[in-house]
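Residue-level listing of the chains:
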Amino acid sequence: MKCILCNSRKGKRHCPAKGTLICAPCCGRLRVVEIPCPADCAYLTSGHGHQAGKKYVDQLRQEEGTDRRIRLYENMRRYRPLIDEIEKEILRYGQGLSSFHDRHVKEAIRLLRKTYRSEERGVIYEHKSADPMVSALIRAVQEMLEKLRQEIELNLRASDILNCMEWVESEVRYHLRQPPGGEPYLTFIRKNHPEITPPSSDQNLIVL
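**Observations concerning the overall build of the protein**
Each helix and strand in the protein was counted, giving 8 helices and 2 strands. For the protein, the residues scored as buried account for 45% of the 208 residues in total.

Right, dumping it as structure tokens:
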């Protein structure tokens, strides 16, 4: 039986989202992005884990200096749960925004780092953007982080948030450096969090 997606290769993987067999290349290329994969799909969890591991190695190799690579890796490993929350908030904000791109995330994270760096120095000052989309994303992420500070018995310091932001900024920068046709950061983190599904095609898109 041929794969129903490409109609050329033999379908060997049962796709729970499609209810039939698809080929491995289509599964790897289209999962989450075009296929509404359930979060418990075995191919999703195993395949993306392997792909993400390779990507993280390549990302760290592009960073200058051994000390920086070690620091970034330790940030990712130590703060993974908080980084996940930041990624999910970025995805939630971007739902329905057709003009939301990686460059907006990069600018928002850059300004958030400046804001929390000021806090670390004892100065409360919010760095803002002239771009309304970037400003709205900054507010969304900030509100999520402050909610975590208030609701969870967690001593979440400005330095902890800065360590997370440094990793996220490195990731976004890595994806922006990819050649045309490379995977965007927003697509990559959507695969990390299939539970946050993009809006269906019949939903109205939000226009700023």
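Let us keep going from here.
**What about the packing of helix α6 (residues 132-151) against helix α7 (residues 158-176)?**
Running from N to C, α6 and α7 point in directions that differ by 135°, and their axes come no closer than 12 Å. The angle between α6 and α7 places the two elements in the oblique class. Judged by the sense of rotation from one axis to the other, the crossing of α6 with α7 is right-handed. Facing α6, whose interface residues are Val141, Leu145 and Arg149, α7 presents Ala158, Ile161 and Met165. For the contact of α6 with α7, the residue count by class is 5 nonpolar, no polar and 1 charged.

**Notes on helix α8 (residues 185-192)**
Counted residue by residue, α8 has 6 buried out of 8 residues, so it is predominantly covered. Buried within α8 are the following residues: Tyr185, Leu186, Thr187, Phe188, Ile189 and Lys191.

**What about unusual backbone geometry?**
Here the phi dihedral of Asn7 falls at roughly 60°; this positive angle occurs in a residue that is not glycine. Positionally, Asn7 belongs in the segment before β1 (13-15).

**Comments concerning the pattern of salt bridges**
Taken as a whole and assessed by the stated rule, the structure comprises 16 salt bridges. Among the salt bridges present, the one from Glu85 reaches Lys88, with a minimum N-O distance of 3.1 Å. Separated by 3 residues within a single helix, Glu85 and Lys88 lie in helix α4 (residues 80-94), roughly one turn from each other. What makes Lys88 buried here is its relative accessible area of 17%. Between Glu169 and Arg113 there is a salt bridge, with its nearest N and O atoms 2.4 Å apart. Pair noted here: Glu169 is in helix α7 and Arg113 is in helix α5 (residues 102-120), with a separation of 56 residues, a long-range link.

What counts, and at which threshold
Residues numbered from 1 in each chain as written. Predicted model: local features only at pLDDT ≥ 70, side-chain atom pairs only at ≥ 80, totals over all residues. Heavy atoms only, no water. Helix = DSSP H or I, 4+ residues; strand = E, 2+ residues; numbered from the N terminus. Buried < 20%, exposed > 50% of the residue type's maximum accessible area, 1.4 Å probe, protein only. Axes fitted to C-alpha atoms, helices over the stretch in contact; angles between N-to-C directions. Parallel < 35°, antiparallel > 145°, perpendicular 65-115°, else oblique. Left-handed = near helix turned anticlockwise from the far one by under 90°. Contact = heavy atoms within 4.5 Å. Nonpolar A, V, L, I, M, F, W, Y, C, P; charged D, E, K, R; others polar. Salt bridge = Lys/Arg side-chain N within 4 Å of Asp/Glu carboxyl O.

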